[in-house]
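The lines below spell out each chain.
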Amino acid sequence: MGILDSITTPRDLRDLSDAQLDELAAEIRDLLIRTVATNTGHLGPNLGVVETTLAIHRVFDSPRDRVVFDTGHQAYVHKLVTGRAAAFGTLRREGGLSGYPSQAESDHDIVENSHASTALSYADGLAKAYTIRGEDRHVVAVIGDGALTGGMAWEALNNIAIAPRSRLVIVVNDNGRSYTPTIGGLATALTALRTNPRYENVLDMVKRRLNAVPGVGPAAYDALHAMKKGLKDALAPQGLFEDLGLKYVGPVDGHDRAAMEHVLAQAKKFNGPVIVHAITRKGYGYDPAERHEADQFHAPGPFDVQTGAEKPKGRIWTDHFAEAMVELGQRRQDVVAITAAMVHPVGLDKFQARFPDRTFDVGIAEQHAATSAAGLAMGGLHPVVAVYATFLNRAFDQVLMDVALHRCGVTFVLDRAGVTGDDGASHNGMWDMSVLQVVPGLRLAAPRDATRLRELLDEAVEVDDAPTVVRFPKGPPPDDIEAVGRAGGADVLVRNGLKDVLVVAVGSMAQVGVEVADRLVAQGIGVTVVDPRWVKPVDPAIVELAREHRLVVSIEDNGEVGGCGAVLLQTLNAAGVETPFRLHGIPQEFLGHAKRAAILERIGLTSQALALGIVEDMTSIAEGRSPIDVEQPS
Ligand SMILES: Cc1ncc(C[n+]2csc(CCOP(=O)(O)OP(=O)(O)O)c2C)c(N)n1
């Protein structure tokens, strides 16, 4: 039995000796590595916060004091010391522990949104609430230097600076990296703080020396203390946080638990907002992670614990996009690429290696990425902004007002669209095709396979007077699905028998649409399957096809409210097409984490479930009943 087995609440940590705490840290690292090696998840970030998390939980009293993790991907250690060590083997498995904090799991968790740069705002609000309610509670926010590049973090700091009564301790976990090294003016300023003479230490040293002089020391020290600000400015002119009016402590070695505890205890006593600047190493204590150049095992796939070798992934959609971008870059000098701190995950690393001057890593700043892209377009270039679908939500207003209103030719490429699964509710890319529907002039494409991805990307960058979007899912694309014909700009994938059912299958659902057709044909039902390719605007040819069929079925890997099906239905209605319509998409809920295939099965986006519903609908249509009266499988 290890020490970790005896930790059921953070209070248990207080009874441990230094040696036991060191042993506990080693046990935790071992468990993190072994678990993530099989279950996948965030390893590097968690290995980097072991001592810092232990220190926080020894100095503060969670859940009375609240600990808010920015993004939440680095909260595994927190889970392990808040009673969830025994369940850790279920990490990211359906019904098991979430890869992020989760209110349902523990009273120690409060913020479970995995979108970055929000922790300081939550913490600002929490601390103000406790002040107003007269509750003696502290709030600790842990934020990485990567998350600190997001605009919201600075909006929060701007407000925290004028909330002197907020009992708020902000731990800046500075490992110098997001996935890749954090870059930009902020990163430079943090480096300056990190490498500057530590003025607090200088003061301590002076104090020790002066105090050693009998009779003179203390008075001279007091005088010196009054000069502290001046001395600090001389030694640390880049007082990034203090210039904002915030108390700053550090830099501190975040792997020196005792030192962290010391500064956290000081910060706690201050009873106002304090920044604690902790310097850590991502992947600390696991050699393969520390040596991993691309992202220090930020979120590896399954790997071998001994060697750190990752199991081969196979070619995913991102790889096809990566190659298409390089070809595009060669062909068109005006194409530039933007990533929001995710150059490798979105596949822009190859483009960056080839065209470094035409690649911009803007930090975790999707809003800035969109408006900066508008500027680039106004300046005569064609930007391709590549982000995960879920993170584009951040930049909705920028897409609407800054890009679309100004008719800028900007292409947004949305990776990990649709159900992503393992990362839970906030990572599913199920909102984009709904929120983007309301943007005037925007055109949206959903490729069904890798060939169509290249084709549609090429078409998208040809548009220079409106935003275009190309979205595709996580994982490997299917084998190419060849079209049997064209209807307007849409591809006809199946045309079989009478015009009974028209299946409009969007993007990754094309494969499902074709399988549905096989099942229906086997039952003697005539089917046409179309892949619209461009889902916005609705292709008039699809409207005409809908008019000719007896039932229209739309299938999309997107929320069912306001998405492609909903807009198609509205368009058909406006065109006076009265063909019965069935809409299939993702129910508008926050989906718990599970494998993508398991979720699609649960929500009925499989060929079997869909075909069953269609057969029932066609039976009622044949019997002269409205299919809408028929109960659908959920
Ligand atoms: C709005 C948003 N964009 C992108 C991401 C993807 N993402 C997750 S963690 C991460 C890097 C975080 O870096 P940092 O805050 O320094 O933490 P570290 O992993 O280095 O500990 C990014 C870009 C996200 N979670 N949220």
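Here, the structure is the one placed above.
An account of the accompanying structure is given in this report. Keep in mind that this is a model prediction, so the values were computed, not measured.

## Overview of the pairing of strand 3 (residues 168–174)
A regular strand places its side chains on the two faces of the sheet in alternate fashion. Of all seven residues that make up strand 3, seven are buried, and the element is covered over most of its length. Of the two faces of strand 3, both are covered, the one formed by Leu168, Ile170, Val172 and Asp174 as well as the one formed by Val169, Val171 and Asn173. In terms of strand pairing, strand 2 (residues 139–144) meets strand 3 through six bridges, oriented parallel. Along strand 3, the bridge assignment pairs valine 140 with valine 169. Once you follow strand 2 into helix 6 (residues 151–160) and on to strand 3, the crossover reads as right-handed. As paired strands, strand 3 and strand 5 (residues 274–279) are joined by six bridges and run parallel to one another. When the bridges of strand 5 are listed, aspartate 174 appears paired with isoleucine 279.

## Considerations on the sheet that holds strand 2
Here five strands make up an open sheet; going across it, the order is 1-2-3-5-4 and the pairing parallel. Strands at the two margins of the open sheet, each flanked by one partner only, are strand 1 (66–69) and strand 4 (247–253). Across the sheet, the mean angle from the axis of one strand to that of its neighbour is 20°, orientation sign disregarded. Across the face of the sheet, helix 5 (residues 119–132) comes into contact with strand 1, strand 2 and strand 3 while running at roughly 170° to strand 2.

## A short note on the packing of aromatic side chains
Across all of its chains, the model carries 11 aromatic pairs by this definition. Note on tryptophan 431 and phenylalanine 590: the rings are 5.8 Å apart at their centroids and 55° apart in plane angle, and the pair reads as tilted. One end of the pair, tryptophan 431, is in the loop between strand 9 (411–417) and helix 18 (432–435); the other, phenylalanine 590, is in the loop between strand 18 (581–586) and helix 23 (596–602), and 159 residues separate them in sequence. Given the relative accessible area of 18%, tryptophan 431 is considered buried. Classification of phenylalanine 590 by relative accessible area gives exposed; the value is 69%. An aromatic cluster is built from Trp154, Phe241 and Tyr248, whose rings are joined through pairwise contacts. When the ring centre of phenylalanine 355 is taken as origin, the NZ or CZ atom of arginine 358, which lies over that ring, is 4.3 Å away.

What counts and what doesn't
Counting restarts for each chain, with residues numbered from 1 along the sequence as it is written. Thresholds applied to this predicted model are a pLDDT of at least 70 for local features of residues and 80 or more for the giving and counting of side-chain atom pairs; totals over whole chains, interfaces and linings are not thresholded and use all residues. Excluding hydrogens and water, the side-chain values take into account all heavy atoms of the structure. Three labels apply to residues, based on accessible area from a 1.4 Å probe with only protein chains included: buried if under 20% of the type maximum, exposed if over 50%, partly exposed otherwise in between. What counts as a helix is a DSSP run of H or I of at least four residues, what counts as a strand is a run of E of at least two, and both are numbered from the N terminus. A strand pair is defined by DSSP finding two or more bridges across the two strands. Call a crossover right-handed when, viewed with both strands pointing away from you, the route from the first strand across the helix to the second goes clockwise. Lines fitted to C-alpha atoms define the axes here, with helix axes fitted over just the stretch in contact, and angles between the N-to-C directions of these axes take values from 0 to 180 degrees. Whether two residues are in contact is decided by their heavy atoms, any of which lying within 4.5 Å being enough. Between rings of Phe, Tyr and Trp, where Trp is taken as its six-membered ring, a pair exists when centres lie within 6.5 Å; planes separated by under 30 degrees are stacked, by over 60 edge-to-face, and by other angles tilted. The rule for a charge over a ring is simple: NZ of Lys or CZ of Arg within 6 Å of the ring centre, and within 35 degrees of the ring normal.

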